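Coordinate analysis (summary)
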Amino acid sequence: MFDLKQLIFSRLSIEPEDQVYHTLSGKRLADDSQIFEDEQVEFTTLNLNLRLLGGKGGFGSMLRAQGGKMASQKTTNFEACRDLNGRRLRTVNEAKRLADHLEQEPDRQRIRKEKVQKKIEEGLAEPPTKRIRFDDTEYLKASEEMKEKVSNAVSEAISKKSVVVNNNNSGNGDPGRALSLWDVVVLSEDDSRPGFDVLGVSLSLYLTVELDILESEPDKSNEVVLTYSGEGADTLTLNIEKNLITKTALYVLSCNNIEGFPSPLNIHVDNPIPLGRGLGSSGTAIVAGVMLGNVVGNLGLTKERMLDYCLMIEHHPDNVTAALMGGFVASYVKRSDQNVTPHSETPDSNGDGVVKASVHAVPEGMGHYVKLNWAKEIKAVTIIPQFEVSTADARNVLPKEYGKQDVVFNLQRLAVLIMALSCSPPKADLIYQAMQDKVHQPYRKHLIPGLSEILASVKPDNYPGLLGVCLSGAGPTILALATQNFDGISEAIKSIFAEKGIETVTRVLDVVDDGAQVTGIQQ
Ligand SMILES: Nc1ncnc2c1ncn2[C@@H]1O[C@H](COP(=O)(O)OP(=O)(O)OP(=O)(O)O)[C@@H](O)[C@H]1O
Ligand SMILES: N[C@@H](CCO)C(=O)O
């Protein structure tokens, strides 16, 4: 009771000593009385009487006047009356109200629960879809034009007759003929991400093969002599059965029943493409080798057919297709049902394996490609670290299988990237996002110190003119696509490599449309 009195005092300011409590049966409750002895009981009814101050009685005339007033008013409140059982009506009514309250409690709980449930559902519900109007008319126009151009290019590619690229009909390859000189010009290339193994682009680094077919002289050794200048001059093998360019040419010749090169023969290779850096040195060497075989053997192979030979050696089509066809290309390989020559019998693009002189069946029509448009103002800024990563090693770190989300991530960006790279002026925000990748860069980070930092920090926001950054090929070269500020961008990347103790060389390259070609024949 003491606690109850304190509570009533705090709420109604009735001094505890003025509060007098009785039970319904009239028992007065002392301060130390317990109201609830049974813990199950939640409610009880007590009568609270206030102590009246004692003192002199009322003034007779005033009390009579008051009594007259009271008598004239009709009584509506019978709460203090008692029912036939002697219980106050107030008490009975309170008990009824309490019973009603308890009876309605489940309903109230249900309504409370329903309200909470509704709130949760409203919170989880997707916001209404906003309709966004795309009002960039310039972009829409360029995009419409591009769609038409791509569609025309595809139809053209489908209907195109093969273009014969050979060393004319002058009898090249005849060992007895007088001096003949010709060049095979191929281009370095690189694939831009997320078009892993799909997109390739020819860059303005030209590998040149110069060939002198000499007249054989009695008493002189009729040798085939291979010499090199440029990249790899000190390290690449000059053994024609082991060097990637010459062994590829020998493979093409042997597939066409020609045993060996004509001799005496001088072959000189000038190679500006750094080896094992992700700039497609091996793909370019393979293209050069196939063209060399075609010219020396006077085979008259079309470029489409030469692509089949290239694909027998380098199984991913992006690099060889760009080097052979030029420009910006998308490609895939359609494997034939034919029994393809085992890889062990074809030259290995990385090893020094000797070409076996068996006759090989190279399936036709393996390489499928389409040339895509490239906005002329986009340059390739290549930052080339002074260490090698073999493509074979960089492919070995990739997972055997990919999750659906990662595949869809790259496919979505690939579709956007192809269109975005063709539009002038190029949109940096679109291209930067579309060059994000989940298929190879995350797995190759540990092979290339600094790659994570470069991808995380070199962005169009802080380097105006930058469109996107990715690993070039299998790395370690970094490819930055940009329209200006080439020095600023390359310096930023260079300094991150420098912090890791890695020296770099920068080349700003153009995308060039001509593919591999024979540029001159002299007799
Ligand atoms: N001009 C060349 N002449 C002969 N062999 C070459 C030539 N260029 C490349 N190679 C061979 O190819 C190897 C490098 O191929 P690799 O595929 O590892 O790198 P890459 O082609 O430069 O890079 P990526 O394929 O990632 O673009 C060299 O070590 C060498 O054996
Ligand atoms: N698409 C290839 C290019 C390197 O040759 C890769 O990234 O492995």
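By the naming in an unreviewed UniProt entry, the protein chain goes by 16733_t:CDS:1 and is assigned to Acaulospora colombiana.

Moving on, we get to the site of ligand 2. Close to ligand 2 lie 12 residues, the nearest being Asp-197, His-316, Asp-318, Arg-395 and Arg-444. Note that an oxygen atom of ligand 2 is positioned 3.3 Å from one of the side-chain N or O atoms of His-316. Here an oxygen atom of ligand 2 and a side-chain polar atom of Arg-444 are 2.9 Å apart. Burial of ligand 2 by the protein chains amounts to 98% of its free accessible area of 260 Å². Residue assignment for the shell around ligand 2 shows that the elements contributing at least two residues are α8 (317–325) and α9 (391–396). Here the residues of the shell around ligand 2 are counted per class, giving 2 nonpolar, 4 polar and 6 charged.

With that out of the way, let us pick up the packing of helix α5 (residues 244–255) against helix α6 (residues 281–296). Axis separation between α5 and α6 bottoms out at 7 Å; the angle between their running directions is 45 degrees. The angle between α5 and α6 falls in the class oblique. Note that α5 runs across α6; the crossing there is right-handed. Taking contact as the criterion, the partners of Leu-244, Ile-245, Thr-246, Thr-248, Ala-249, Val-252 and Leu-253 in α5 are, on α6, Ser-282, Ala-285, Ile-286, Ala-288, Gly-289, Val-290, Leu-292, Gly-293, Asn-294 and Val-296.

With that out of the way, let us pick up the sheet that holds strand β10 (residues 379–385). The 4 strands lie next to each other as β11-β12-β10-β13, forming an open sheet whose pairing is antiparallel. Unpaired on one side and paired on the other, β11 (466–471) and β13 (504–509) mark the two borders of the sheet. In this sheet, neighbouring strand axes are inclined to one another by 20 degrees on average, regardless of whether the strands run parallel or antiparallel. When β10 meets strand β12 (residues 478–482), the two strands line up antiparallel, connected through 5 bridges. Note that in β12 the partner of Val-381 across the bridge is Ala-480. Set on the sheet, helix α14 (residues 486–499) makes contact with β10, β11, β12 and β13; between it and β10 the angle comes to about 20 degrees.

Bringing the pattern of salt bridges into the picture now. Tallied over the entire structure, the rule returns 11 salt bridges. Glu-453 is paired through a salt bridge with Lys-500; the nearest N and O atoms lie 2.7 Å apart. Remark: Lys-500 occurs in the loop between α14 and β13 and Glu-453 occurs in helix α13 (residues 451–457); sequence separation between them is 47 residues. Assessed through its relative accessible area of 34%, Glu-453 is described here as partly exposed. The class of Lys-500 is partly exposed, set by a relative accessible area of 40%. In this structure, a network of salt bridges that share partners links the residues Glu-105, Arg-108 and Arg-112.

Taken together, 23 residues sit near ligand 1, with Tyr-228, Gly-280, Ser-281, Ser-282 and Thr-391 positioned nearest. Take Gly-280: an N or O atom from its main chain is 2.7 Å from an oxygen atom of ligand 1. Contacts to ligand 1 include Asn-319, whose side-chain N or O atom sits 3.4 Å from an oxygen atom. Here ligand 1, which alone exposes 640 Å², has 92% of that area covered by the protein. At 3 residues, α6 tops the list of elements feeding residues into the shell around ligand 1. Partitioning the shell around ligand 1 into residue classes produces 9 nonpolar, 13 polar and 1 charged.

This part takes up the pairing of β11. On any regular strand, side chains alternate: one points to one face of the sheet, the next to the other face. Among the 6 residues of β11, 6 are classified as buried, and the element is accordingly described as predominantly covered. The pairing of β11 with β12 spans 5 bridges and is classified as antiparallel. Within β12, the residue paired with Gly-468 across the bridge is Leu-481. Turn length for the β11-β12 hairpin, with the two strands adjacent in sequence and antiparallel, is 6 residues, and the turn residue Gly-473 shows positive phi of about 55 degrees.

Conventions adopted
- As a convention, each chain's residues are numbered from 1 in the sequence order in which they are written.
- Whichever chain is written first is A, and whichever ligand is written first is 1; the rest continue in order.
- In keeping with the model being predicted, local features are shown solely for residues with a pLDDT of at least 70 and side-chain atom pairs are shown and tallied solely at 80 or more, while totals for entire chains, interfaces and linings include all residues.
- Water and hydrogen atoms play no part in the side-chain values, which are based on all heavy atoms of the structure.
- A molecule or strand has a residue near it when one of that residue's heavy atoms lies within 4 Å.
- N or O atoms within 3.5 Å of each other form a polar contact, as long as, within protein, one can give a hydrogen and the other can take it, and as long as residues adjacent in sequence are counted only when both atoms are side-chain atoms.
- Areas reported as accessible are Shrake-Rupley estimates using a 1.4 Å probe. Residue values count occlusion only from the protein chains shown.
- By definition, any uninterrupted DSSP run of H or I lasting at least four residues is a helix, any uninterrupted run of E lasting at least two residues is a strand, and each is numbered from the N terminus.
- Any residue outside Ala, Val, Leu, Ile, Met, Phe, Trp, Tyr, Cys, Pro, Asp, Glu, Lys and Arg is labelled polar, Gly included; the first ten of those are nonpolar and the last four are charged.
- Every angle, taken between N-to-C directions, lies between 0 and 180 degrees, and every axis is a line fitted to C-alpha atoms, over only the stretch in contact when it is a helix.
- Working definition: roughly parallel below 35 degrees, roughly antiparallel above 145 degrees, roughly perpendicular at 65 to 115 degrees, and oblique for all remaining angles.
- Note on convention: near helix rotated counterclockwise from far helix by under a right angle means a left-handed crossing. Clockwise means right-handed.
- Contact definition: two residues touch when any of their heavy atoms are within 4.5 Å.
- In this scheme, strands are said to pair when DSSP sees at least two bridges between them.
- The term salt bridge refers to a pairing of a side-chain nitrogen on Lys or Arg with a carboxyl oxygen on Asp or Glu at a separation within 4 Å.
- The rule is simple: take the accessible area with a 1.4 Å probe, protein chains only, and divide by the maximum for that residue type; under 20% is buried, over 50% is exposed, in between is partly exposed.

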